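# Overview (structure and organization)
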Amino acid sequence: MNIKRNVLLNPGPATTTDTVKLAQVVPDICPRECDFGQIMLYISNKLASFVGDCDKYTTVLFGGSGTAAVEAMLSSVVGDGRILIINNGSYGLRMCQIAKSYSLDYYEYASSPVEGLDLNSLEQTIKAAGKKFTHMAVVHHETSTGLLVDIGKIGALAKKYSIVLLTDAMSSYAAVPIDMEKDNISYLASSSNKNIQGMAGVSFVIAKKSDLEGLENIKASNFYLNLYAQYAFFKKENQTRFTPPVQTLYALKQAIDETIAEGIKNRYARYCRSWETLTAELDKLGLSRLVADKDHGRLITAVLEPDHPNYSLDGMHDYLYERGYTIYPGKIGSYKTFRIANIGAIDYKDILNAVALIKEYFINEGIL
Ligand SMILES: *Cc1c(COP(=O)(O)O)cnc(C)c1O
């Protein structure tokens, strides 16, 4: 089968290999069969093994986009506790919105969307809190800007004050190295369609088993997304409580096997090379970036839009889209940016081609 190859430079779903696409074409199977349970068990173990020891950490799978995992984590874990949520971009804001929806006792710690976290100020806030924070949540890599936080330092701070750390690692997991034990992360949310290079539709929370077991007695404010219930049922039956996205899981299994074959270190090196190519080429076009290199991940870049009357994001998007490349609008307050992600089954040559198309568009429009 010949499948047209599009290069997705949007921040997920990312480009997939043909082998991942084709892994979805399988004989029909009832997901309640043991054979399918074994596939989910394999997926669950391997996903946890990328960031921790499977004896201590486990994966809880849900059908849904990544936000489902973030919502499951926040709404299942905090209970009557108090959570500090670091908001330094759109996804930090989303965690605050989720906390609000569930009427959690949360404190929004606002931090610059373009500069690294001030850990001293964060520590002062934790110390000065009238009512102690039991939990803290942070986005590891802010997909809206490309800002990457030092998760190890935040984990150390959480440890110092006996705070349980929750991380939205949606767009960093399976690329940026994470060690849940060393980084002191109790819960980590991610999904099937970013750096793991699978199809959209599976979201998951990787959790420290000892913390997860402790959730049994927390009063649930959710139902479908209940982390403990999903964990306990899977542990007993090797099944999710409700119908899983069967074909997406077959694709995820293939994507996991391809991740193991490449190795996360090599995958990150491939992404880094693409990012370095991207930034060097953007420099040549005179385009600047929202976030300084020292605070920048190597995965997704917010680029400041050129200030020229002939420029339009839609026009540039369409020019690239017609040629098989998808770029994405910015998503952060009043900053005028577009975004280019270099994640997925692509490499620096695809990035060179994409920037060459941007240049072509600029020349055609008289911008350059
Ligand atoms: C992609 C992403 C999500 C989830 O978004 P969905 O549209 O629900 O898949 C959450 N947080 C971050 C940081 C993300 O990059």
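What you see is a predicted model, and the numbers here were worked out from it, not measured in a lab.

Here is what the cut-offs are and how they apply
Residues numbered from 1 in each chain as written. Predicted model: local features only at pLDDT ≥ 70, side-chain atom pairs only at ≥ 80, totals over all residues. Heavy atoms only, no water. Pairing = 2+ DSSP bridges. Helix = DSSP H or I, 4+ residues; strand = E, 2+ residues; numbered from the N terminus. Axes fitted to C-alpha atoms, helices over the stretch in contact; angles between N-to-C directions. Contact = heavy atoms within 4.5 Å. Phe/Tyr/Trp six-rings, centres within 6.5 Å; stacked < 30°, edge-to-face > 60°. Buried < 20%, exposed > 50% of the residue type's maximum accessible area, 1.4 Å probe, protein only. Near = heavy atom within 4 Å. Polar contact = N/O pair within 3.5 Å; in protein donor to acceptor, adjacent residues only side chain to side chain. Nonpolar A, V, L, I, M, F, W, Y, C, P; charged D, E, K, R; others polar. Arc of directions from axis to C-beta. Parallel < 35°, antiparallel > 145°, perpendicular 65-115°, else oblique. Left-handed = near helix turned anticlockwise from the far one by under 90°. Right-handed = clockwise from strand over helix to strand, strands pointing away.

## A closer look at the sheet that holds strand 9 (residues 187-191)
The mixed open sheet is built from seven strands, whose spatial order is 2-10-9-8-5-3-4. Every other strand in the sheet has two partners, leaving strand 2 (57-63) and strand 4 (105-110) as the edge strands with one partner each. Neighbour-to-neighbour, the strand axes of this sheet turn through a mean angle of 20°, independent of strand direction. Here strand 3 (residues 82-87) runs beside strand 5 (residues 135-139); their pairing, made up of three bridges, is parallel. Across the sheet, Leu 84 pairs through a bridge with Met 136, a residue of strand 5. Its contacts with the sheet put helix 3 (residues 66-77) on strand 2, strand 3, strand 5, strand 8 (164-168), strand 9 and strand 10 (202-208), and the angle it makes with strand 9 is roughly 160°.

## A short note on the packing of aromatic side chains
Under the definition given, this model contains nine aromatic pairs. Ring geometry for Tyr 173 versus Phe 204: centroids 5.4 Å apart, planes at 70°, classification edge-to-face. Remark: Phe 204 occurs in strand 10 and Tyr 173 occurs in the loop between strand 8 and strand 9; sequence separation between them is 31 residues. Owing to a relative accessible area of 0%, Phe 204 belongs among the buried residues under this scheme.

## Describing the site of the ligand
Contacts to the ligand come from Ser 65, Gly 66, Thr 67, Tyr 91, Arg 94, Val 139, His 141, Thr 143, Asp 168, Met 170, Ser 171 and Lys 194. In the model, an oxygen atom of the ligand is placed 2.5 Å from a nitrogen or oxygen of the Ser 65 side chain. Lys 194 places a side-chain nitrogen or oxygen 2.7 Å from an oxygen atom of the ligand. Elements supplying a minimum of two residues to the shell around the ligand: helix 3 and helix 4 (90-101). In terms of residue class, the shell around the ligand is made up of three nonpolar, six polar and three charged.

## Regarding the side chain of Arg 289
Checked against the element boundaries, Arg 289 lands in the loop between helix 10 (264-284) and strand 11 (300-304). Within the structure, Arg 289 has its side chain in polar contact with the side chain of Asp 283 (distance 3.3 Å). At a separation of 2.9 Å, a polar atom in the side chain of Arg 289 contacts the side chain of Asp 293. Not counting chain neighbours up to four residues away, the residues in contact with Arg 289 comprise Trp 275, Thr 279, Asp 283, Thr 301, Ala 302, Val 303 and Leu 304.

## Here's the deal with the sheet that holds strand 14 (residues 337-341)
Sheets are built from strands paired through backbone hydrogen bonds, the pairs being either parallel or antiparallel. Taken in spatial order, the three strands of this open sheet run 11-14-13, and their pairing is antiparallel. In this open sheet, the two edge strands, each paired with only one partner strand, are strand 11 and strand 13 (328-329). Inspection of the sheet shows strand 13 paired to strand 14 by two bridges, in the antiparallel sense. The residue of strand 14 that forms the bridge with Pro 329 is Phe 338.

## So, the environment of Ile 43
Structurally, Ile 43 can be placed in helix 2 (residues 34-49). Along the backbone, Ile 43 and Glu 181 are 138 residues apart, and their C-alpha atoms lie at a distance of 20 Å. Not counting the four nearest positions on each side in its chain, Ile 43 is found in contact with Leu 61, Leu 249, Leu 252, Lys 253 and Ile 256.

## Considerations on helix 6 (residues 151-160)
Of the positions making up helix 6, those classed as buried are Ile 151, Ile 154, Gly 155, Leu 157 and Ala 158. Down the axis of helix 6, the smallest arc covering the buried residues is 160°, so these residues share one side. Opposite the buried face of helix 6, at more than 90 degrees from it, the exposed residues are Lys 159 and Lys 160. Those residues of helix 6 hidden inside the fold are in contact with helix 5 (119-128), strand 5 and strand 8.

## Quick notes on the environment of Leu 8
If you trace the backbone, Leu 8 turns up in strand 1 (residues 7-8). Once the C-alpha coordinates of Leu 8 and Tyr 321 are considered, the two residues, 313 residues apart in sequence, prove to be 9.4 Å apart.

## Examining the packing of helix 5 against helix 6
Running from N to C, helix 5 and helix 6 cross one another at 20°; their axes reach a closest spacing of 11 Å. It follows from the interaxial angle that helix 5 and helix 6 lie roughly parallel. Crossing handedness for the pair helix 5 and helix 6: right-handed. Of helix 6, the residues touching helix 5 (which contributes Leu 119, Leu 122, Glu 123 and Ile 126) are Lys 153, Ile 154, Leu 157 and Lys 160.

## Section: the pairing of strand 4
The pairing of strand 3 with strand 4 spans six bridges and is parallel. Residue pairing for strand 4: Ile 86 is matched across the bridge by Tyr 109. With helix 4 bridging strand 3 and its parallel neighbour strand 4, the resulting β-α-β unit is right-handed.

## Looking at the packing of helix 10 against helix 12 (residues 348-364)
The axes of two packed helices give the description: the angle between them and the distance between them. Remark: helix 10 packs on helix 12, axes separated minimally by 8 Å, with the N-to-C direction vectors making an angle of 20°. If you check the angle between helix 10 and helix 12, you find them roughly parallel. The handedness of the crossing between helix 10 and helix 12 comes out as right-handed. Residue-level contacts link Arg 273, Ser 274, Thr 277, Leu 278 and Glu 281 of helix 10 to Tyr 348, Ile 351, Leu 352 and Val 355 of helix 12. Split by residue class, the contact of helix 10 with helix 12 holds five nonpolar, two polar and two charged.

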